[in-house]
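Close look at the chain arrangement
Given next are the chains, with one letter for each unit.
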Amino acid sequence: MYLTSRAIGQSQLTKDFIFSVYQDGKMLPHGPVVLSPDRIMPSLKREVVFRRPEIFKIATLRDIKKLFPVDHNPFYGGFGNRETDSIAYRAVGMPLENIYIVNPKGAISHYNGDDIKSYAIINSGVKEAFPLIASKIKQKIIGKLDKEHADHKKIDEEGDIFAQQQGVKVVC
């Protein structure tokens, strides 16, 4: 997912830019681009005059986070080109070691300026930096389903006992 505080009217220019970025013959992966619903002037004012694009980004990331269970943070890492991006990422609890800033020359560093890297170096450690969460989510879902099943089974058993006490024959 790509998040920008640019106005919706700048969507094509923004997409063209994102999907034209290359480093060492590799390009950024395709994904949804989330833009500000504001018109160009309010967006420019927020980003250029007030220099506070993180206000929109934090609100948007928080809204996205609300779509997930309370005990699950869907954000494992992020790339930005300004300090304001790292502010937004930290505000939603993104792990600090997975926040990267890309400078105008394309060099990548952690949000604090250390460990200049390239996409190729990050890609080689992607499994460690961005662990697969599908199995964790699956385990949580199965655990919840097992608990719900056990609860339903208990309710069914209690219902059967109650029915038998009332003289009703239970047929399953």
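No experiment lies behind these values; they were computed from the predicted model shown.

Rules used in this analysis
- Residues numbered from 1 in each chain as written.
- Predicted model: local features only at pLDDT ≥ 70, side-chain atom pairs only at ≥ 80, totals over all residues.
- Heavy atoms only, no water.
- pLDDT = per-residue confidence, 0-100.
- Helix = DSSP H or I, 4+ residues; strand = E, 2+ residues; numbered from the N terminus.
- Buried < 20%, exposed > 50% of the residue type's maximum accessible area, 1.4 Å probe, protein only.
- Phe/Tyr/Trp six-rings, centres within 6.5 Å; stacked < 30°, edge-to-face > 60°.
- Axes fitted to C-alpha atoms, helices over the stretch in contact; angles between N-to-C directions.
- Parallel < 35°, antiparallel > 145°, perpendicular 65-115°, else oblique.
- Left-handed = near helix turned anticlockwise from the far one by under 90°.
- Contact = heavy atoms within 4.5 Å.
- Nonpolar A, V, L, I, M, F, W, Y, C, P; charged D, E, K, R; others polar.
- Pairing = 2+ DSSP bridges.

Right, let's get into the confidence of the model for the chain. With 66% of its residues at a pLDDT of 70 or more, the chain has an overall mean of 75. Per-element confidence in the chain is highest for helix 4 (residues 83-91), whose mean pLDDT is 90, and lowest for helix 7 (residues 134-165), whose mean pLDDT is 57.

Bringing the environment of Lys 15 into the picture now. Within the secondary structure layout, Lys 15 lies in helix 1 (residues 11-18). By relative accessible area, Lys 15 is classed as partly exposed at 33%.

Our focus in this paragraph is the packing of aromatic side chains. According to the stated counting rule, one finds 2 aromatic pairs in the structure shown. Taken together, a centroid distance of 5.7 Å and an interplanar angle of 90 degrees make the contact between Tyr 2 and Phe 19 edge-to-face. Of this pair, Tyr 2 sits in strand 1 (residues 2-7) while Phe 19 sits in the loop between helix 1 and strand 2 (22-23); the two residues are 17 residues apart in sequence, bridging distant segments of the chain. Comparing Tyr 2 with Phe 19 shows no difference in burial state: the two are buried.

Here helix 3 (residues 54-65) crosses helix 4 at 30 degrees, and the two axes come no closer than 9 Å. In this view, helix 3 runs roughly parallel relative to helix 4, as classed from their interaxial angle. Classified by chirality, the crossing of helix 4 by helix 3 is right-handed. Of the residues in helix 4, those touching helix 3 at Glu 54, Lys 57, Ile 58, Leu 61 and Arg 62 are Thr 84, Asp 85, Ile 87, Ala 88, Tyr 89 and Ala 91. Residues that form the contact of helix 3 with helix 4 fall into these classes: 6 nonpolar, 1 polar and 4 charged.

Moving on to the sheet that holds strand 7 (residues 108-110). For sheets, the rule is that strands pair by backbone hydrogen bonds, running either parallel or antiparallel. The strand order across the open sheet built from 3 strands is 5-6-7, with neighbouring strands paired in mixed fashion. The sheet terminates laterally at strand 5 (78-80) and strand 7, the two strands that pair on one side only. Strand-to-strand twist across the sheet, computed as the mean angle between neighbouring axes with direction ignored, equals 30 degrees. Across 3 bridges, the pairing between strand 5 and strand 6 (residues 99-102) is parallel. By the bridge assignment for strand 6, Gly 78 is matched with Ile 99.

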